[in-house]
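Analysis of the macromolecular model
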Amino acid sequence: MSNPSLLILAGDGIGPEVMNEVKKIIGWYGEKRDLAFDVEEDLVGGIAFDTHGTPLTDATMEKAQNADAVLLGAVGGPKYDTLDFSQKPERGLLRLRKEMDLYANLRPAQCFDALADFSSLKRDVVAGLDIVIVRELTSGVYFGEPRGVHKEGNERVGINTQRYTESEIARVARSAFELARRRNNKVCSMEKANVMESGVLWRDVVTEIHQAEYPDVELSHMYADAGAMQLCRWPKQFDVIVTDNLFGDLLSDAAAMLTGSLGMLPSASLGAPMANGRPKALYEPVHGSAPDIAGQGKANPIACILSFAMALRYSFDQGAEAERLEKAVEKVLADGLRTGDLLGPEGGSPISTAEMGDAILAALD
Ligand code: NAI
Ligand code: MG
């Protein structure tokens, strides 16, 4: 059997810096855990534009379609701000998501004990928090037609359309229920069925899939605005939350901030199963290319490292190895090691990107 394949697209800014630490960890798994990957690297974003005149070449797209998983760093930077919309670095990422049809975006909000005081909420409310928001990523109001701005009489009108088909709701609901079965068997679905017809359909379809295929999972429903309040009040009542593209965008950002720094947040975007049973998958940190600290060795590599842990769990069925990596992260944080973004206003002495990566490697050993 050949090794599972990984396509690494480090991208721009701090992308290559944080990815460098992930590469060390991938090497460690091959050497110490007999878990080797066939790694290929390619370009995405601004660097791809500089090299090929496009943020993602067809050849790279093809490699992404065929890889067992794609690991992405970050794209973008001020240098590219004046480019035409179709050439912007972000278009490379959007093309990957669209053509791989990655409809389920998994955003964990996990609070490491050592960082609980870093949250804007009380330690008690966030310590030990471990929830996942599943956001529908390829449909809804960001894609629905009609859209645009036009003139009606003498004023302008802006239109976007929330549109969901039954099958689009069903497939992301299945992703959430499958995830729940690997966790604590609990899903809360959020929409606004009180004021939106698409929300009524959402609730109906999630309920139908639940009854027909996942009756063993505990399902509840909540209006998304109430859900936002509950996330701030007592987030630990949730385990898996499933919601649409727009609400998921907001709720996942809010939930993420319960736990502290952008430098800590991983994500997975999953699509339909491939012939080998693995889902199409792209793993990436939530943060961007951080041009303000790029090239200075200051970036926190943990978000990217935890994204690789998600790949181990969701693409390669290596849940125990994913946990090993998460435990290693937990240990270095408990030991007090901090990159600059994890130091509060009172300061302290930050370690570098590479020092953080090396400390995690040492903790793995
Ligand atoms: P950003 O996430 O790059 O940075 C926001 C702030 O958080 C900055 O102060 C940055 O230094 C800090 N930060 C982010 N990641 C960090 C890390 N790992 N360690 C330490 N500090 C970290 O968002 P911003 O500044 O809005 O965007 C910068 C560029 O990135 C833009 O070109 C934007 O379009 C792009 N971007 C790309 C994304 C992606 O590739 N998925 C997502 C968001 C933005
Ligand atoms: Mg967002």
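Once a new chain begins, its residue numbering starts again from 1 and follows that chain's sequence as written. Chains and ligands are labelled sequentially in the order written, the chains with letters from A and the ligands with numbers from 1. Reporting of local features is limited, given that this is a predicted model, to residues whose pLDDT is at least 70; pairs of side-chain atoms are given and counted only at 80 or more, and all residues count toward the totals for whole chains, interfaces and linings.

Quick look at the pairing of strand β12 (residues 279–285) now. Buried means a residue has 20 or more other C-beta atoms within 10 Å of its own C-beta, exposed means 12 or fewer, and partly exposed covers the counts in between; C-beta atoms are placed from the backbone. Numbering goes from the N terminus for both helices and strands, where a helix is a DSSP run of H or I of at least four residues and a strand is a run of E of at least two. Burial analysis of β12 places 7 of its 7 residues in the buried class, the great majority of the element. Burial along β12 is two-sided: the residues P279, A281, Y283 and P285 and K280, L282 and E284 are all buried. A pair of strands is considered paired only if DSSP assigns at least 2 bridges between the two. Sheet topology note: the strand β3 (residues 69–74)/β12 ladder contains 2 bridges and is parallel. When the bridges of β12 are listed, V70 appears paired with L282. Where strand β11 (residues 266–273) and β12 come together, 6 bridges link them in antiparallel fashion. Looking across to β12, one finds that S267 is bridged to E284. Hairpin remark: β11 followed by β12, antiparallel, with 5 residues in the connecting loop; positive phi at G277, about 90 degrees.

This next bit is on the site of ligand 1. Near, for a residue, is defined by distance from a backbone-placed C-beta atom to a molecule or strand, with 6 Å as the limit that must not be exceeded. Every one of the 23 residues lining ligand 1 counts as a neighbour, but G76, G263, H287, G288 and N300 are closest to it. Note on residue categories: nonpolar means Ala, Val, Leu, Ile, Met, Phe, Trp, Tyr, Cys or Pro, charged means Asp, Glu, Lys or Arg, and polar means any other residue, Gly included. Of the residues contributing to the shell around ligand 1, the split by class is 11 nonpolar, 8 polar and 4 charged.

UniProt positions are given in the numbering used here, feature names are shortened, and annotations may be inferred rather than shown by experiment. Those residues carrying the UniProt feature "domain: Isopropylmalate dehydrogenase-like" (unreviewed entry) are residues 5–360 in this numbering. For residues 5–360, the helix share is 40%, the strand share is 22%, and the end-to-end C-alpha distance is 23 Å.

Our focus in this paragraph is the UniProt feature "binding site: substrate" (unreviewed entry) in the protein. Using the residue numbers shown here, the UniProt feature "binding site: substrate" (unreviewed entry) corresponds to R97, R107, R135 and D225. The annotated residues occupy 129 residues of the chain and do not converge on a single region, their most distant C-alpha atoms lying 27.3 Å apart. With respect to the helices and strands, the residue R107 is situated in strand β4 (residues 104–110). C-beta atoms are placed from the backbone for every residue, and two residues are taken to be in contact when these atoms lie within 7 Å. When near neighbours in sequence (up to four residues on either side) are disregarded, R107 contacts V132, I133, R135, S252, A256 and S267. Secondary-structure assignment places R135 in strand β5 (residues 130–136). The exposure class of R135 is buried, given the 26 C-beta atoms found within 10 Å. With residues near it in sequence (within four places) discarded, R135 still touches N105, R107, T243, N245, G248, D249 and S252.

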